[in-house]
Amino acid sequence: MGDTEKREVNAAPVVDTDVGTAADVDEIMKKYDRESNTRTWEGVPRQILRYSMAAFTVFMIWMNLFATWDERVRRSLFLGVVILFVFALYPIKKGAVKRKNYIPWYDIVLALVGSFCYFNYIINLEKIVGMATRIGTTEVVLGIIGALVLAECCRRVVGLPILCVATVFVLYAYLPMFAGKNLRYIVYNLFYTTSGILGNPVGVCSTYIMLFIIFGAFLEATGIANFFIDCANAIAGAATGGPAKVSVISSALCGMVSGSSVGNTVTTGAVTIPLMKKTGYPAEFAGAVEAASSTGGQIMPPIMGAAAFLMAEIVNVPYKDIVVRAILPAALYFTGIFLMVHFKAKKLGLKGLPKEDLPKAREILPKIYLIVPLILLVYMIVSGFTMARSAIFATVAAIAVSFFNKEHRMTYNTFVDALESGTKNTLSVAVACGIAGIISGVVTMTGLGQVFISAIVGVAGNNLFIALFLTMLCCIVLGMGVPTTANYIIMATTCAPILTTGMGMNVLAANMFVFYFGIVADITPPVALAAYAGSAIAKAPPMKTAFNATRLAIAAFLIPYIFAFDNSLLFIDTTPIQVVMVIITSFLGMTLVSSGLMGYMLRDLNWVQRILCVAGGLALIMPNQITDVFGVAVLAVMIVFQVLANKKDKAAAAA
């Protein structure tokens, strides 16, 4: 941005004060986000649905605490009920939600027939298990119908990308030119065993994923989001470009709990985006800051959108180790965004919020008790309690602390609302996990995993970078529009083995790599749902907002490659001195990269200087002594040059 534009911004700091209303957000999310495209229920039908969903949440808590049923019974019952709720809430296509209290006959038929396929398995479990691969025609037909109805649920709630992938996998299993498996054999393995639809993804979802979603719903009801925003305002509100920095901090804190990049963008963005625009940030930049920060919340320890607990289970590493390993990459990610909004504010000449308008420490500290449920959750898991039991006790703690907050004290209605949200927020994760089970089931049944690994390794040869790049592309495609927890399950099942088995990468580093790129799908065009949500509030072009968000989240595209080549960023196989050096050089590197991308350090940078800054920053982030020396030299030269140029300008002005 040139000096003329900069002077114009200084002369008129309020660039665009109009922001999207709730209706605007709803409209654009219905266009891009299938989860937002729900039927309208009112009156008695609304209450029946509301209490049914609340009752299902209570039932799932009871089942996880006390029931000792066969896993196939638990998972079939879970998916059968999920299907009923999906058809009750989600229409066949976007825009088909104008009529109130209406569900077409074909959706009723699909809901009943689809759920019956799963309930029938429960009723005839012993008979079907006894048949094994000799299941009859009736069982084959019901299995196919059950899988197709689940796929339709996924299309309505999650979208087509993951379905396209699952279809390709199933065709690979069936077609003679590939695996050529018998249809009866495929149906049995994918529908009637715990290595297909009813596999580990649904098992995990029906246990502690849903319980963490319930915990998040009750935690939100306590007003913790407002508490985080107040804390962020107190810390950074008065700083240069304060509202954007508030967005970065608050979204990091809220996003780690919410488990939804889109949901967090809408929640915190309603507060932060209008303030950013009022301060003087361009609309598309304001929406992008919120989207990139909310997406980053999913990688923020100790919760990581509940993915931290999943990773501990899948990788078989203690939860506390996952948290420790995730600290530096997450810190670098948010440092990058924080610095970029700072340099952008400096470039535009923006100020912070008036101190008198910001919350004071004496107003915030009395509400510190709101984080007690989070502390209790982490403490119980680290202490050895099961994740399910820890989530339930933390939920009880969230209910208890709400009574100390008169603004968000739990009432009967808010209690039922939170229970209802627990079920509603689980639906997309559940159907995505069911489809993920199909993918992982085909991999197990056909040995496709080894074929896939061989193909990638064959293309890459011994070049780890090529293998990482191809895996990154797979992750971004598979992660489009998929909720955080289901996203990670899919990545861990399909993409992580490419790097561990195929390229010999450290298991934890490989899982972190695929998790990061699965998550950034939420801000990577063309299916950048979090960016689209931010654009709706900011009243900015969706695609322009998405590209801005991708640029702000550049750290998420760089850091995984770096810890893939050198595990010291994850504190693996390293010494204390190396850790200190990695921390120092990494943060200096992010400073240079952020400066280069925004075109400002102590003053405006030209294109040559910007490229040099980015190159020097990358050199510093890469753990290597030679590259570190180059990066430090670039930083020193740039600072000296900028200081001398500023002195020269001041001397010329004084003359």
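Now for a quick tour of the structure. None of the values given here were measured: they were computed from a predicted structure. Position numbers for residues count from 1 along each chain, tracking the sequence in the order it is written. Local features are withheld for residues below a pLDDT of 70 in this predicted model, meaning they are given only at 70 or higher, and side-chain atom pairs are given and counted only at 80 or more; totals for whole chains, interfaces and linings count all residues. The side-chain quantities take in all heavy atoms of the structure and omit both hydrogens and water.

### Some words on the overall build of the protein chain
Step number 1: Along its length, the protein chain carries 31 helices and zero strands.
Step number 2: C-alpha atoms define the radius of gyration in this analysis, and the globule rule sets the expected value at 2.2 Å times the number of residues to the power 0.38. What you see for the protein chain is a C-alpha radius of gyration of 25 Å, in line with the 26 Å of a compact globule of 655 residues.
Step number 3: The C-alpha extent of the protein chain, read off along each of the three principal axes, is 95 × 60 × 45 Å.
Step number 4: Across the 655 residues that make up the protein chain, the buried fraction comes to 57%.
Step number 5: By definition, residues are in contact when any of their heavy atoms lie within 4.5 Å. Of the contacts formed within the protein chain by residues at least 6 apart in sequence, a portion of 79% connects residues at least 24 apart.
Step number 6: A total accessible area of about 26,000 Å² is found for the protein chain, and carbon and sulfur atoms account for 66% of it.
Step number 7: Under the convention used here, Asp and Glu are negative, Lys and Arg are positive, and both His and the chain ends fall outside the count. A single reference atom marks each charge: NZ on Lys, CZ on Arg, CG on Asp, CD on Glu. Taking the average location of the 47 positive side-chain charges in the protein chain and that of its 35 negative ones, the two points are 1 Å from each other. Runs of E in the DSSP output that reach at least two residues are strands. Runs of H or I that reach at least four are helices, and both are numbered from the N terminus. Between buried and exposed lies partly exposed: a residue is buried under 20% and exposed over 50% of the maximum accessible area for its type, with that area taken using a 1.4 Å probe on protein chains only. Where accessible areas are quoted, they stem from the Shrake-Rupley method and a 1.4 Å probe; at the residue level, only the protein chains shown are allowed to cover.

### A short note on the packing of helix α7 (residues 137-157) against helix α20 (residues 412-446)
Step number 1: With their axes 9 Å apart at the nearest point, α7 and α20 run at an angle of 130° to one another. Accordingly, the angle class assigned to the pair α7 and α20 is oblique. Along this stretch, α7 crosses α20, giving a crossing that reads as left-handed. Along the contact surface, α7 presents L150, A151, C153, C154 and V157, while α20 presents S428, V431, G434 and I435. Axes here mean lines fitted to C-alpha atoms, for a helix over just the part in contact, with angles spanning 0 to 180 degrees between N-to-C directions. To sort the angles, those under 35 degrees are grouped as roughly parallel, those over 145 as roughly antiparallel, those from 65 to 115 as roughly perpendicular, and the leftovers as oblique. The sense of a crossing depends on the near helix, which, turned anticlockwise from the far helix by less than a right angle, makes the crossing left-handed and, turned clockwise, makes it right-handed.

### Section: helix α8 (residues 161-174)
Residues three or four positions apart in an α-helix share a direction because the helix packs 3.6 residues into each turn.
Step number 1: Expected span, for any helix, means 1.5 Å times one less than how many residues it has. Given a rise of 1.5 Å per residue, 14 residues ought to cover 20 Å, and the 20 Å separating the end C-alpha atoms of α8 matches this to within 8%.
Step number 2: Those residues of α8 not exposed but buried are I162, L163, V165, A166, F169, Y172 and A173.
Step number 3: On its buried face, α8 sits against α7, α9 (183-191), α20, α21 (448-460), α22 (464-478) and α23 (484-494).

### A short note on unusual backbone geometry
Step number 1: In the segment running from P301 into P302, the intervening peptide bond is cis, with an omega of 15°.
Step number 2: Looking at where P302 falls in the secondary structure, it is placed in the loop between α14 (283-296) and α15 (307-315).
Step number 3: Backbone geometry places A132, a non-glycine residue, at a positive phi of 55°.
Step number 4: Within the secondary structure layout, A132 lies in the loop between α6 (125-131) and α7.
Step number 5: The backbone of F571 shows a phi angle near 60°, a positive value even though the residue is not glycine.
Step number 6: Along the chain, the position of F571 falls in the loop between α28 (554-565) and α29 (576-598).

### Quick look at the packing of aromatic side chains
In this description, a pair of aromatic rings is defined by centroid distance and the angle of the planes.
Step number 1: Each Phe, Tyr or Trp ring, with Trp reduced to its six-membered ring, pairs with another whose centre is within 6.5 Å; inter-plane angles below 30 degrees give stacked pairs, above 60 give edge-to-face pairs, and intermediate values give tilted ones. Per the stated rule, a full pass over the model turns up 22 aromatic pairs.
Step number 2: Seen from their ring centres, F56 and F85 are 5.9 Å apart, and the 55° between their planes marks the pair as tilted. Here the residue F56 occupies a position in helix α3 (residues 43-66), and F85 occupies one in helix α4 (residues 71-89), the gap between them amounting to 29 residues. Pair check on accessibility: F56 and F85 agree, each one buried.
Step number 3: Each ring, one from F227 and one from F228, has its centre 6.1 Å from the other, and the planes form 45°; the classification is tilted. Of the two residues, F227 and F228, neither departs from the other in class, the shared state being buried.

### Description of a nonpolar patch on the surface
Step number 1: Nonpolar side chains collect at one region of the surface, where V459, F465, I466, F469, L473, F565 and M622 lie side by side and expose about 610 Å² of accessible area between them.
Step number 2: Among the elements that take part in the nonpolar patch, α22 stands out by supplying four residues, more than any other.
Step number 3: With respect to the helices, strands and loops of the structure, F469 is situated in helix α22. In this analysis, a patch consists of residues with relative accessible area above 30% that form no salt bridge, clustered at 9 Å for like charges and at 5 Å for the nonpolar side chains Val, Leu, Ile, Met, Phe, Trp and Tyr. Any Lys or Arg side-chain nitrogen found within 4 Å of a carboxyl oxygen on Asp or Glu counts as a salt bridge.

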